Amino acid sequence: MLKMNSHLAAGAIASVLIGGLCAHAADPAVNACEVVEYRLQKWRTTHSEGAKAEKLVATLKKLRCEVKVGSHGGHTDVRYRCEKWQSLALKDHKTAHQWESWLKKYGFETKHKH
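Structural notes, computed from the coordinates. What you are looking at is a predicted structure, and each value in this text was computed from that prediction instead of being measured. (Residues numbered from 1 in each chain as written. Predicted model: local features only at pLDDT ≥ 70, side-chain atom pairs only at ≥ 80, totals over all residues. Heavy atoms only, no water.)

1. A closer look at helix H2 (residues 50-62)
Given a rise of 1.5 Å per residue, 13 residues ought to cover 18 Å, and the 19 Å separating the end C-alpha atoms of H2 matches this to within 8%. Looking at H2, one finds that the buried residues are Ala53, Leu56, Val57, Thr59 and Leu60. All buried residues of H2 lie within an arc of 165° about the axis, which places them on one face of the element. Those residues of H2 that are exposed and angled more than 90 degrees off the buried face are Ala51, Glu54, Lys55, Lys61 and Lys62. Just beyond H2, the residue with positive phi is Arg64, at close to 70°. (Helix = DSSP H or I, 4+ residues; strand = E, 2+ residues; numbered from the N terminus. Expected span 1.5 Å × (residues − 1). Buried < 20%, exposed > 50% of the residue type's maximum accessible area, 1.4 Å probe, protein only. Arc of directions from axis to C-beta.)

Dropping the structure here:
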């Protein structure tokens, strides 16, 4: 499995969220894109702090996940799930694999279509 540090993962996420997503599923150009499907049926909780927690929450929300945030003991609990399959249409194979690795790291089931 590909290991990425949090800065590299954040960069990959930011590049995809800013402009790496393809238009719509109805657009014929999407056929050339890579598609990563994902879901997480049961709630999962991760501990995070500060800006890292904020970025994680923002990313999970953009991925159309349910997110609950709580804090105690000097850290933030980020609780999330995505019960139904969702998909990301991505611009290239490398970006799709980066997303797939990130999603798996956070407990999601994934399917990667070429």
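Moving on, there is more to tell.
2. Some points on the sheet that holds strand E1 (residues 34-48)
Read from one edge to the other, the open sheet built from 4 strands follows the order E2-E3-E1-E4, with strand pairing classed as antiparallel. Lying at the two open borders of the sheet, with one neighbouring strand each, are strand E2 (66-72) and strand E4 (109-113). Shown here is a sheet whose adjacent strand axes are inclined to one another by a mean of 15°, direction ignored. In terms of strand pairing, E1 meets strand E3 (residues 75-90) through 11 bridges, oriented antiparallel. (Pairing = 2+ DSSP bridges. Axes fitted to C-alpha atoms, helices over the stretch in contact; angles between N-to-C directions.)

3. Regarding the packing of aromatic side chains
Summed over the entire model, instances satisfying the criterion amount to 5 aromatic pairs. Look at Tyr38 and Phe108: their rings are 5.9 Å apart centre to centre, the planes differ by 80°, and that puts the pair in the edge-to-face class. Of this pair, Tyr38 sits in strand E1 while Phe108 is found in the loop between helix H3 (93-105) and E4, placing the two residues 70 residues apart along the sequence. Taking the relative accessible area as the measure of exposure, Tyr38 reaches 0% and is therefore buried. Of the aromatic side chains, those joined through ring pairs into one cluster are Tyr38, Tyr80, Trp99, Trp102, Tyr106 and Phe108. (Phe/Tyr/Trp six-rings, centres within 6.5 Å; stacked < 30°, edge-to-face > 60°.)

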